[in-house]
Amino acid sequence: MTRTRAFTAPGRPFVAPALAGAVAVLSFAGLAAPPAARAETLAFVGGTVHPVSGPPLAGATLLVEGERIAAVGSGVVVPEGARVIDVAGKHLYPGFLHPQTDLGLVEVSSVRGTVDTTEIGQVNPNLRAEVAFNADSFRLPPAAAGGVVAAHVVPRGGVLSGTSAVMRLQGWNWRDMTIAAPVGMHLWWPRASRAGWWDRTTPEELEKRRKEELEVLDETLERARAYGRALAAAAAQPARGPAPDPRLDALQPVLAGEVPLFVHADTLPQIEAALDWLAEKGFERAVLVAGYDVARAAERVAAAGVPVILDTVHRVPSRAWEPYDSAYTAAARLHEAGVRFAIAAGGAGADSENARNLPFEAATAAAFGLPREIALEAITLRSAEILGVGDRLGSLEPGKEASFFVADGDPLEIRTAIESVWIAGREVDRSEDRQWRLYRRYAERPLPAAEGE
Amino acid sequence: MTRDSLVALAACFALGAAPSATAQGDPVADPAVDPKVDAVAWASPIPDQPAAVLVRGATIWTSGPQGRLEQADLLVRSGKIAAVGPDLAAPPGAVVIDAAGKHVTAGLIDAHSHIAVDGSVNEGTDIVTAEVRIADVLDSGDADIYRELAGGLTAANVLHGSANAIGGQNAVIKLRWGAPPEDLLFEGARPGVKFALGENPKQSNWQVQDRRYPQTRMGVEQAIVDHFEDAYAYRRNRQQAASPGSSAIPPRPSLRLEALLEILDGDRRVHSHAYRADEMLMLLGLSERYGFTIDAFQHALEAYKIADELAARGVGASTFSDWWAYKFEVVDAIPHNGAILLERGVVTSFNSDSGELARRLNTEAAKAVRYGGVEEEEALKLVTLNPAIQLGVGDRAGSLEPGKDADFVIWNGHPLSTYSLAEQTWIDGRRYFDREADLARRSELAAEREALLAEAAGEAEEDPQGPKESDDPQDPDAPDESQDPAPDPPPSPAPTEVTP
């Protein structure tokens, strides 16, 4: 049996496997040579470029060299040999950066063997999200087709769940798909309310658990500090250092302020307690990942200067007395208070398999009072800045990654078609999207013959 | 004051429905408020039904033969649509609404909902529980009713969960916020029953102590067969006992078997939870063998694979716009499902199965435009006319046509736009939701709530024994645990992942 590979060059149509096999047999009767990485120059001409970092540029050119944007503007000269792509009448936007997801860590939610989101135990700061990121997850191509070019992938479980990574949604393996890691250390603020309708934990047990988790947190950080002092002492004079502890090692960059602490706090009591704690412990680099209650603490969050990832616009108020649009208006209220924030999607039908619905959560925030340009920024440039990759992603500017898409209109509208998506200068191949393949196959199913049975 | 009464009071203020219609000209309204409303703990009075309402100058998406009309008017008389068209005259005393620049659609309909149910939606004990009835446990005080009204929803098919191959009897309701449970029921809706195939009835996704038959899709088919045969035997025995001169003892009356006979006689239509093409073909086979009628497959995420088979038998599909990958049987779900089904002639709706998604079914419909290029008016019918047909209320709701119920929504923009929101939602010619009024009352309600909380805190100081004895006294910010029960929740104990 001859092994064949069907490589699809950027921008070239998908070659059916059977045909590719035949070609390979004819030419090599063996392994096809892998294509060498080549730095192609692409010029997108005639469209409206929305850099996000500035106003839209009608009739501008976007020049891409290799993985990066080389130039943007109306006076850009297209170099000799560049592939020119006519996008007249179209709109170019930076790809979306999903600021809080488990994309790549889970395939089929109910099948345990495919889920790598949540470790056991309370203290796992040494876990690294990127090493479990499945480069060939079938969840990635549909997200990319929806304009999501990168994702902040976050581990869960316990109090300290490990470090997150910003991942590109196209590539060969997790190493070449990692844009940044570690992005942050993740702290899940202890909660004192039940997990859901099925949870029968008594209030006393909940309170006991909350206190225990806080003790675990403070004690762990205290131990990490002591460990750090011991390491420093050992470095200064050749004495015996402490026994190596990967967990405490992992916390050193956080204590040194090199890696920010992402504090996940959903409800107002959690958010307020977390803000108190951050101030008390003196963590200066922190990001709050919060539910819509954060809007009720907006003034305080703004004063503290803590950026926010607003976790999910599409939520039902969790209390009967709240206005029906409490979650929808949270982003607008944060904006009015001067809070810097990104928007994450997690509403019904928007777990990571539907990361493609991210722009529509931002749009709902706009429908309920957030200026439209801020809604777009909240899933592009602001998301990138809060995640510490503002120099790489989030806008169409020279030097940034060429990760963007071509659309026929406003991408926050569901009816807008996203026509092509480019990640680090390479076009996303639609044929890698399993959903698209099923669609094409069954859309062309012949009418069945008269049935028996 | 107990926590319960406090919450009830606060909630009652927060969720007060729109005040009665503000008329231009004399409002001709029925001032009588239904006395039964007082029995509902925290609902607000039912809005007036003006003798005539004229909505003027809007873009009207009729979802009917008139299509989409620009600069058109909608005339309502006594709760029914009287006319749709340009330049309609306002009857004397009509409530006139200037809707220039606005869009008007039929009220949205959710063909798969679990709101307004008191307690669990799953009777998970047995593989067949056809005797249980949603109508017996409707909770008209569920805040989700108001929240969904605020998203333009006017009717919902309230179903049991999916723990049983043959589950309970559904209830089609109108979201008449403030009405007692019995008045929520949509008059004339076809009686239905929930079936479920696949992973849920075979208990695949949660830990159960005592596993029961069936554990395979093969067993699901035979469980249905066994129970239908039981129902036929029950009828034969009863007929035999009733025949002249018979000495046979009549069978013990069984509400379960009576309900199965209603299904077999075609008096109760099937709404079957199903995901995979194989299991849908299986039930189609049984429906032919036993002669029952499937109004719609619910979820039906692989319906696109058998669209022609469904169309040939007139079986509808009530599906998600784009959900997938939350369990193995939905791995082949594609967002183009709706487009393929419509293309091949299947009556198709997009449902929510979620108290959250039901608040924005209009933009769910827009996904049929995005995935597969469905024409906009046809896409809107996924959440208006098509679910109405599936629920047997196509003659009453789902489109803006003379003679139909005046269930409609006024949107501030294009109804399929993510930037649009519902400004007013009308049912039976009554304005149940008015965003302007909702906004106007908020600060007043917040102040009242603060006052109530202060009063409660004062009482707590006077009598420290009191609140401490209650279950959960301390935190007014604690989420309400009754909110948003998970779709199709499993039998206890709960799983880590709750899947529909």
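Chains are numbered independently. Their residues run from 1 in the order of the written sequence. Chains and ligands are labelled by the order in which they are written, letters from A for the one and numbers from 1 for the other. For a predicted model such as this one, the threshold for reporting local features is a pLDDT of at least 70, and the threshold for listing and counting side-chain atom pairs is 80 or more; totals across whole chains, interfaces and linings nevertheless cover every residue.

What follows covers the sheet that holds strand β15 (residues 341-344) of chain A. Residue and element names in this part refer to chain A. A pair of strands is treated as paired once DSSP finds two or more bridges between them. A helix here means a DSSP run of H or I that spans at least four residues, while a strand means a run of E at least two residues long, and both kinds are numbered starting from the N terminus. Strands sit in the order β8-β11-β12-β13-β14-β15 across an open sheet of six strands; the sheet is mixed. In this open sheet, the two strands that pair with only one neighbour each are β8 (160-163) and β15. Between one strand and the next, the sheet's axes are offset by a mean angle of 20 degrees, whatever the strand orientation. Pairing geometry for strand β14 (residues 308-311) and β15, over four bridges, is parallel. Considered in β15, the bridge of isoleucine 309 is made with alanine 342. Every angle, taken between N-to-C directions, lies between 0 and 180 degrees, and every axis is a line fitted to C-alpha atoms, over only the stretch in contact when it is a helix.

For the rest of this paragraph, the subject is the confidence of the model for chain B. Residues and elements named next belong to chain B. Along the chain, pLDDT gives the predictor's confidence residue by residue, from 0 to 100. Per-residue pLDDT for chain B has a mean of 87; in total, 83% of the residues score no lower than 70. By definition, residue pairs are in contact when their C-beta atoms, positioned from the backbone, come within 7 Å. Note that pLDDT drops below 50 for residues 466-474; the model gives that stretch eleven contacts with residues more than four away or on any other chain. Here residues 482-499 is modelled with pLDDT under 50, and outside its nearest four sequence neighbours on either side it reaches 47 contacts, counting other chains as well. We note a pTM of 0.89 for the whole complex and an ipTM of 0.90 for its interfaces.

Right, let's get into the pairing of strand β3 (residues 68-73) of chain A. All names here are of chain A. By the bridge criterion, five bridges tie strand β2 (residues 57-65) to β3 in an arrangement that is antiparallel. For threonine 61, the partnering residue across the bridge sits in β3 and is glycine 73. Linking two consecutive strands that pair antiparallel, namely β2 and β3, is a turn of two residues; a positive phi of about 60 degrees is found at glycine 66 within it.

This part covers helix α6 (residues 277-290) of chain B. Residue and element names in this part refer to chain B. Here a helix's expected span is defined as the number of its residues, less one, multiplied by 1.5 Å. Taking 1.5 Å of rise per residue, 14 residues should cover 20 Å, and α6 covers 20 Å from first to last C-alpha, within 8% of that figure. Ala277, Glu279, Met280, Leu283 and Leu284 are the residues of α6 that are buried. Buried residues in α6, looked at end-on, bunch into an arc of 165 degrees, giving them a common side. Turned more than 90 degrees from where α6 packs its buried face, Gly285 and Arg289 sit exposed. At its buried positions, α6 is contacted by α4 (217-242), β11 (269-274), β12 (294-299) and α7 (307-313). Immediately downstream of α6, the backbone of glycine 291 shows phi near 75 degrees, a positive value. Here a residue counts as buried when 20 or more other C-beta atoms fall within 10 Å of its C-beta, as exposed when 12 or fewer do, and as partly exposed in between; the C-beta atoms come from the backbone. The directions considered for the arc run from the helix axis to the C-beta atoms.

Next up on the list: the sheet that holds strand β14 (residues 348-350) of chain B. All names here are of chain B. In space, the six strands of this open sheet follow the order β8-β10-β11-β12-β13-β14, with mixed pairing throughout. Strands at the two margins of the open sheet, each flanked by one partner only, are β8 (166-169) and β14. Across this sheet, the average inter-strand angle for adjacent strands is 20 degrees, counted without regard to direction. Across five bridges, strand β10 (residues 192-196) lies against β11 in parallel orientation. What sits directly across from alanine 196, in β11, is histidine 273.

For the rest of this paragraph, the subject is the environment of aspartate 433 of chain A. Residue and element names in this part refer to chain A. Within the secondary structure, aspartate 433 is located in the loop between β18 (426-427) and α12 (434-443). Considering only alpha carbons, one finds aspartate 433 and asparagine 126, 307 residues apart in sequence, at a separation of 33 Å. Excluding residues that lie within four positions of it along the chain, aspartate 433 makes contacts with Pro141, Pro142 and Ala145.

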